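# Working through the structure, step by step
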Amino acid sequence: MAALTTIWLFLLLIAMAAALAQGHGTRVGFYSYTCPEVESIVKETVTAHFNSNPTIAPGLLRMHFHDCFVRGCDASILIAGTSTERTAGPNSLLRGYEVVDDAKTRLEAACPGVVSCADILALAARDSVLLTKGASWKVPTGRRDGRVSLASETANLPASRDSIELQKQKFADKGLDDQDLVALVGGHTIGTSACQFFSDRLYNFNTTTGNGADPSIDPSFLPQLQALCPQNGDANRRVALDTGSPNTFDASFFKNLKNGRGILQSDQRLWEDASTRSYVQRFLGIRGLQALNFNVEFRRSMVKMSNIGVKTGTEGEIRRVCSAIN
């Protein structure tokens, strides 16, 4: 009996080590015993909001991304107050905070003090992709929430006018490689951008071109963008980032880049640079290159990104309300 017990404990330790290896202290099924309904509650909440307002799907996906790139995936972006991350320029137009708050309220009723806001956001991002017809994936959980949120720390978030070199550096600083960069930017297959983030490409961008626009823009596409974002027009007007299927999670975003129809300058640059272009081509299945399945690689990169700088164990806290530290 003692020998069997020893063997059982050994196997249990191996299983725990394998589970923890999925992330830096996170694992799939972290709440299996403490809050088994966590995934169903988050999914039901996201679905209810999505059914009344589909724009929350890209909003939650962007929010998770922006959270992870500042202080790691610790829900610091959710903290309200003056000079917090959510007040900073790059985050000013994000949407979906109420979805996380609603899920948190339900989870506090079901299992108080157990589920972190950071994990809710990671699960909500996954569910958002699924609701827009993308593939699902198992989300390692076990993150804890941070206690600090500073607008000044958002300066290093990837930005719409970043060069390829700067984009690569920002991702590399977080342990993400060039394939992760292209795959994660592919999340722009759903959602919109405000004119203010790209209208400079449409007018007086290049004095050597007859129309003054960014020469990387497809000339036949330019009038459409100028009609949507006229000079001195509404800077906050929203334009789809994937003009082919803005509400469906698919690889058509990369086809747009190939055709000079990327909306953001930083996105279009993925096609202009040889090293990132090869990944765009592989996601498109261009003949002669080893094809990559966008959904499969996006899932892999999301799990990798969602473990950036996570707080686990006794670090941080489990917030009672996502918008405020305890």
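Computed from a prediction, not measured in an experiment: that's the story for all the values here. (Residues numbered from 1 in each chain as written. Predicted model: local features only at pLDDT ≥ 70, side-chain atom pairs only at ≥ 80, totals over all residues. Heavy atoms only, no water.)

With that out of the way, let us pick up the overall build of the protein chain. Scanning the protein chain from N- to C-terminus turns up 12 helices and two strands. For a compact globule of 326 residues, the expected C-alpha radius of gyration is about 20 Å, and the protein chain comes in at 21 Å, within 12% of that figure. With respect to the principal axes defined by its C-alpha atoms, the protein chain has extents near 85 × 50 × 35 Å. Across the 326 residues in the protein chain, those meeting the buried criterion constitute 50%. The contacts in the protein chain between residues at least 6 apart in sequence include a share of 74% that link residues at least 24 apart. As displayed, the protein chain offers around 14,600 Å² of accessible surface, 55% of which is attributable to carbon and sulfur atoms. (Helix = DSSP H or I, 4+ residues; strand = E, 2+ residues; numbered from the N terminus. Rg over C-alpha atoms; globule rule 2.2 N^0.38 Å. Buried < 20%, exposed > 50% of the residue type's maximum accessible area, 1.4 Å probe, protein only. Contact = heavy atoms within 4.5 Å. Areas by Shrake-Rupley, 256 points an atom, 1.4 Å probe, with all protein chains shown as cover.)

Bringing the UniProt feature "domain: Plant heme peroxidase family profile" (unreviewed entry) in the protein chain into the picture now. With numbering aligned to this structure, UniProt lists the feature "domain: Plant heme peroxidase family profile" (unreviewed entry) at residues 25-326. Annotation note: span residues 25-326, helix share 39%, strand share 2%, distance between end C-alpha atoms 23 Å. (UniProt positions renumbered as here; feature names shortened; annotations may be inferred.)

This brings us to the state of the cysteines. Here a disulfide denotes a covalent bond joining the sulfur atom of one cysteine to the sulfur atom of another. Taken as a whole, this structure holds four disulfides when the rule is applied. Each disulfide pairs two cysteine sulfurs, and for Cys68 the partner residue is Cys73, the sulfurs being separated by 2.0 Å. Handedness here is read from the sign of the S-S torsion; for Cys68 and Cys73, about 120 degrees, the answer is right-handed. There is a disulfide in this structure between Cys117 and Cys322, and the S-S distance comes to 2.1 Å. Between Cys117 and Cys322, the S-S torsion sits near -95 degrees, and that sign places the bridge as left-handed. Taken together, the positions of Cys117 in helix α5 (residues 117-131) and Cys322 in the segment after α12 (294-305) put the pair 205 residues apart, joining distant regions of the chain. Here Cys117 matches Cys322 in class, with each residue buried. Disulfide partners in the protein chain, listed by the sequence order of the bonded cysteines, are 1-4, 2-3, 5-8, 6-7. (Disulfide = S-S within 2.5 Å.)

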